[in-house]
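# What the coordinates show
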Amino acid sequence: MINKTSNSIDKKSSSLKRIASLDFARGLAIYLMTFFHCFYHVYDQTWFQEDPSKLLEFPKIVIGILAILVFLGTWASFFLLVSSAVNTLAMIRSSKRRSNPNQVLFKNMLTAIALLLADHLIEGWGWYGYIGEGLRTGIWNTDEIWQAFFRINTLQIIAWSLIITSIVNYFLLKNKGFEKYKRNMIIYGVLTVAIIVSSTFIHNFVDGLIPGWPSDEIAITNPSIKTWILVILAGNAEPIFPVLATGFVGSMIGLTVSKPEKSKKLLLWGTSIAFTLIMIGGLLFFAGLPFNLYDRPLIHIYLIQLGGEIGILMLCFGLIEFRGRGEKFANRRIIRIFRKWSMVALTIYAFELYDLVPKWTLNLTLRNVTGINFLEKTLGFGEIHWGLLIAIYCMLWYHLLIWLWGKIDFKFTFEWFMLRFQSIATKMISDRLNVNLMMNEVIWMDFSDKNINKVKQEAQL
């Protein structure tokens, strides 16, 4: 009985040990994604896709702000980077506690299945699916439901990455494999390079199989198991080639921050890699390679995005954990907001239809005055400021929703159901949706020298 009780306490204690940068980054990722969704729902950026040079008609300061917004608005894979780091860190902690590796892998497989189901519900029934299109346009088209199988977006690539990295971690971490840091990093490094280098060849090969590929329309009009597989490998938006590399990089970050002693070499190597990726991508772009942010990732654009994402995480680690400011940073008022968003990131992503509510109120009060249908992309060139103001207004509604839902510990969110689904494998339900616990009782980890002994002790739990 004593051993069982001690094990239970250790598990709970470990679940409360968190890294502020990762929680903040996850919250920031979903916050940015939600903001830009609110913006894109009302703003038609076709003019930019057709002729990016039209940006030069704006004042320089506006161009600078827009460049940053466009760059951040394409960071859909940032959530994948953070999620992969967190998953690998969790698997390593489970290995150190000598948890059953088969049980841990089974739990992650259940999570991935839940994510795939959630992705189909979101894409088939959400904003651009059956219900979303019906409510916005009055056209109820059931084709939207099955067409969702032939798209690969953020949630689906997170699911496939979770499956693949969990299997890799399963074999790497067995028999105290977490102690073989260099071996594990080399393996993930080779996998990352292999995915990035082979992506162009995979794209060219797949494009040759079906005329007009990649295209959502082509995939939808050629439904088959073969098309489904090709969409996952090299379809539009976020296919395995090359986006899985982001998941591998996230796992490498998870391996590194799990070490009992964190060296500032993490910042040196991470920042150097980030800068190198951005430089390579930039040189390829200036060498004449095409510019496209909206379809399947071009390798040079992908490298710039991945470099920026890694750089942001390294900046956070350097300013927070390596300065021993984890607890102080995490409890700042604005950071607590991002942390709360991170608790239900999946639900916020899935609940895109909620954006109809604030936009409906705008239609109700301002449509007759402005002539704008706020449920459609009716704003265009020269009206970016109105789109941003509308997005800010919509975000206030999201803040209200999360604040109210948090009062009941996010009951009936996707995360709430997922935790119960995962309990099939773990035989217990995590308390990570307990708002008071996660907001006020977390043990924040630091990487500074003064905390080395403390971290060593934590690694032995």
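To keep things clear, this report deals only with the structure shown in the data block. (Residues numbered from 1 in each chain as written. Predicted model: local features only at pLDDT ≥ 70, side-chain atom pairs only at ≥ 80, totals over all residues. Heavy atoms only, no water.)

## A short note on the packing of aromatic side chains
To describe a pair of aromatic rings, one takes the distance between the centres and the angle between the planes. The full count for this structure, using the stated rule, is 28 aromatic pairs. For the ring pair Tyr188 and Phe248, a centre distance of 5.7 Å and an interplane angle of 55° mean the geometry is tilted. Taken together, the positions of Tyr188 in helix α10 (residues 181–209) and Phe248 in helix α13 (residues 240–257) put the pair 60 residues apart, joining distant regions of the chain. For Tyr188, a relative accessible area of 0% puts it in the buried group. Through pairs of rings, three or more aromatic residues link up here, namely Phe24, Tyr31, Phe329, Phe338, Trp341, Phe351, Tyr354, Tyr398 and Trp405. (Phe/Tyr/Trp six-rings, centres within 6.5 Å; stacked < 30°, edge-to-face > 60°. Helix = DSSP H or I, 4+ residues; strand = E, 2+ residues; numbered from the N terminus. Buried < 20%, exposed > 50% of the residue type's maximum accessible area, 1.4 Å probe, protein only.)

## Some thoughts on helix α21 (residues 414–426)
With 13 residues, α21 should reach 18 Å at 1.5 Å per residue; the first-to-last C-alpha distance of 18 Å fits that figure. By the burial criterion, the buried members of α21 are Glu415, Trp416, Met418, Leu419, Gln422, Ser423 and Ala425. Along the long axis of α21, the arc covered by the buried residues comes to 155°, so they all point the same way. Among the structural elements, α6 (101–125), α17 (333–343) and α18 (345–350) are those in contact with the buried residues of α21. One or two steps after α21, the chain reaches Lys427, where phi turns positive at roughly 65°. (Expected span 1.5 Å × (residues − 1). Arc of directions from axis to C-beta. Contact = heavy atoms within 4.5 Å.)

## Notes on the side chain of His120
Inspection of the secondary structure puts His120 in helix α6. Each residue touching His120, except ones within four places of it in the same chain, is listed here: Trp125, Ile145, Ala148 and Phe149.

## A closer look at the nonpolar core
If you look at the biggest cluster of nonpolar residues, it comprises 130 residues, and the most contacted ones within it are Ile253 and Phe317. Sorting elements by how many residues they give to this core places helix α2 (residues 20–40) first, with 15 residues. Those residues in contact with Ile253, other than ones at most four positions away along the chain, are Leu81, Ala85, Leu313, Met314 and Phe317. (Core = buried A, V, L, I, M, F, W, Y, C linked by side-chain atoms within 4.5 Å.)

## Observations regarding the environment of Leu72
In this fold, Leu72 is placed in helix α4 (residues 60–73). Distance in space between the C-alpha atoms of Leu72 and Ile278 is 14 Å, their sequence separation being 206 residues.

## So, a nonpolar patch on the surface
Residues Trp146, Phe149, Ile225, Trp228 and Ile229 make up a contiguous nonpolar surface patch of about 480 Å² in total accessible area. Per-element accounting of the nonpolar patch gives the leading share, three residues, to helix α12 (residues 225–234). Within the secondary structure layout, Ile229 lies in helix α12. (Patch = residues over 30% accessible without salt bridge, like charges linked within 9 Å, V, L, I, M, F, W, Y side chains within 5 Å. Areas by Shrake-Rupley, 256 points an atom, 1.4 Å probe, with all protein chains shown as cover. Salt bridge = Lys/Arg side-chain N within 4 Å of Asp/Glu carboxyl O.)

## Digging into the pattern of salt bridges
Within this structure, the stated rule accounts for six salt bridges. Between Arg18 and Asp23 there is a salt bridge whose closest N-O contact spans 2.7 Å. Classification of Asp23 as buried rests on a relative accessible area of 8%. Here Arg136 ties to Glu133 by a salt bridge, and the two come within 2.9 Å at their closest N and O atoms. Here Glu133 and Arg136 lie together in helix α7 (residues 130–137), a separation of three residues that amounts to about one turn. Assessed through its relative accessible area of 21%, Glu133 is described here as partly exposed. Overlapping salt bridges bring together Glu133, Arg136 and Glu376 as one network.

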